[in-house]
Amino acid sequence: MEKAKQVFQGIYGMMWEKPRIKESSIKKGNTALIIIDMVNGFIREGAMKNELAEEIIEPIVDLMGYFKGNGMPIVAFADCHDENSPEFDRYEKHCIKGTSEAEIVDEIKQAGGYTLINKNSTNGVLEEEFQQWLKDNPEITDFIITGVCTDICVMQFCLTLRALLDKNGVKSRFILPLNMVETYDYRAHQITLINTMAVYFIEQSGAEVCSDLNLLKL
């Protein structure tokens, strides 16, 4: 147990003390911003709301401003379930299609300039609309990933898309800014442990983890 504590402390230090990424390293013609599940049902209302995610809204909106100002694409996924979805039963009957829970939070909605893709599972890569988006945007090989939850929808998106692009022989880049991802704290789902290990697994898949990516202020 003592060894496990030491290992975790070492991983925690590595994961949460990352440098910032400079604007000069971003390939504007090849990079998309991905926003995952920044909906009311994960932040402000319903059984799965998590007020901790309020803190990542402002930096995401700032980054959206940079992308829009440079004509770069933004894709926003929104959890949106019908009553036949297995996830609907498994995760506290949240984000029902047609309700405010399935709506993007107002700040991001007002910022606009994104392609909205509703998803009926935890993995946005599986949505046919996103598969078509990839085909329509073959020049996009780099992805900045933001949103919630780090250990579920964010991690599944990163690992699945990286595997898909590898399979297709596409050299890709994934960037995970720590000030723009979050998970929740509830019972055995201990936020410090879960967030740290999720970030660790994402980095082990080849993603670049950075402390901040507010390009408007660099």
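Novice: What is the right way to read the overall build of the protein chain from this model?
Specialist: Of the regular secondary structure elements, the protein chain holds eight helices and seven strands. Expressed as a percentage of the 218 residues in the protein chain, the buried residues total 50%. Counting every atom, the protein chain has about 10,500 Å² of accessible surface; 50% of that belongs to carbon and sulfur.

Novice: Would you mind going over the nonpolar core with me for this structure?
Specialist: The nonpolar side chains of a soluble globular protein tend to be buried, and buried together. In this structure, Phe143 and Ile145 are the most contacted members of the largest nonpolar core, which totals 63 residues. In terms of residues, this core owes the most to one element, helix α7 (residues 150–167), which gives eight residues.

Novice: Before we go on, may I ask you to explain helix α3 (residues 57–69) in this structure?
Specialist: Structural remark: α-helix, 3.6 residues per turn; residues separated by three or four positions point the same way. Given a rise of 1.5 Å per residue, 13 residues ought to cover 18 Å, and the 18 Å separating the end C-alpha atoms of α3 matches this to within 8%. Within α3, the full set of buried residues consists of Ile57, Pro59, Ile60, Asp62, Leu63, Met64, Tyr66 and Phe67.

Novice: Help me out: how do you make sense of the packing of α7 against helix α8 (residues 191–204) in this one?
Specialist: When two helices pack together, their arrangement is given by the angle between the helix axes and by the axis-to-axis distance. It is at 10 Å that the axes of α7 and α8 come closest, and there the two elements cross at 0°. One finds that α7 runs roughly parallel with respect to α8. Here Thr150, Asp151, Val154, Met155, Cys158 and Leu159 of α7 come into contact with α8, specifically with Ile194, Asn195, Ala198, Val199, Phe201 and Ile202. Considered class by class, the residues forming the contact of α7 with α8 number nine nonpolar, two polar and one charged.

Novice: Even after reading the chapter, I still don't get the packing of aromatic side chains, so can you show me in this structure?
Specialist: All told, the structure shown has seven aromatic pairs when counted by the stated rule. Put simply, the rings of Phe77, Phe130, Trp133 and Phe157 pair up and form one aromatic cluster.

Novice: Could you clarify how one ought to interpret α7 in this entry?
Specialist: If you check α7, its first and last C-alpha atoms are 24 Å apart, about what 18 residues at 1.5 Å a residue would give, namely 26 Å. Burial in α7 covers these residues: Thr150, Asp151, Ile152, Cys153, Val154, Met155, Phe157, Cys158, Leu161, Arg162 and Leu165.

Novice: Would you mind going over the environment of isoleucine 56 with me for this structure?
Specialist: Note that isoleucine 56 resides in the loop between α2 (40–43) and α3. Distance from isoleucine 56 to valine 148, taken between C-alpha atoms, is 9.4 Å for residues 92 residues apart in sequence. With sequence-adjacent residues up to four places away left out, isoleucine 56 is seen in contact with Met38, Gly147, Val148, Asn179, Met180, Val181 and Glu182.

Novice: Got a minute to help me understand unusual backbone geometry in this structure?
Specialist: Across residues other than glycine, the phi torsion is negative in most instances, and most of the peptide bonds are trans. Of note, the bond from valine 148 into cysteine 149 is cis; its omega dihedral lies within 30 degrees of zero at -15°. As for its position among the elements, cysteine 149 is in the loop between β4 (142–148) and α7. Although it is not a glycine, aspartate 37 sits at a positive phi angle of roughly 55°. Checked against the element boundaries, aspartate 37 lands in the loop between β1 (31–36) and α2. Looking at aspartate 37, the relative accessible area reads 0%, which means it is buried.

Novice: What exactly am I supposed to notice about the pattern of salt bridges here?
Specialist: Opposite charge on two side chains lets them pair, provided their charged atoms get close. This structure, assessed with the given rule, holds eight salt bridges. For lysine 28, the salt bridge identified is with glutamate 23, shortest N-O distance 3.5 Å. Residue lysine 28 is classed as partly exposed on the basis of its relative accessible area of 38%. Linking arginine 173 and glutamate 208 is a salt bridge whose minimum nitrogen-to-oxygen distance equals 2.6 Å.

Novice: Please explain the environment of leucine 116 as it appears in this structure.
Specialist: Of note, leucine 116 is situated in strand β3 (residues 115–119). We classify leucine 116 as partly exposed; its relative accessible area is 39%. A sequence separation of 13 residues divides leucine 116 from glutamate 129, and the C-alpha atoms of the two residues are 9.6 Å apart. With sequence-adjacent residues up to four places away left out, leucine 116 is seen in contact with Ala76, Ala78, Ile104 and Glu129.

Scoring rules and cut-offs
- Residues numbered from 1 in each chain as written.
- Predicted model: local features only at pLDDT ≥ 70, side-chain atom pairs only at ≥ 80, totals over all residues.
- Heavy atoms only, no water.
- Helix = DSSP H or I, 4+ residues; strand = E, 2+ residues; numbered from the N terminus.
- Buried < 20%, exposed > 50% of the residue type's maximum accessible area, 1.4 Å probe, protein only.
- Areas by Shrake-Rupley, 256 points an atom, 1.4 Å probe, with all protein chains shown as cover.
- Core = buried A, V, L, I, M, F, W, Y, C linked by side-chain atoms within 4.5 Å.
- Expected span 1.5 Å × (residues − 1).
- Axes fitted to C-alpha atoms, helices over the stretch in contact; angles between N-to-C directions.
- Parallel < 35°, antiparallel > 145°, perpendicular 65-115°, else oblique.
- Contact = heavy atoms within 4.5 Å.
- Nonpolar A, V, L, I, M, F, W, Y, C, P; charged D, E, K, R; others polar.
- Phe/Tyr/Trp six-rings, centres within 6.5 Å; stacked < 30°, edge-to-face > 60°.
- Salt bridge = Lys/Arg side-chain N within 4 Å of Asp/Glu carboxyl O.

The values are spatial; any link to function lies outside them.
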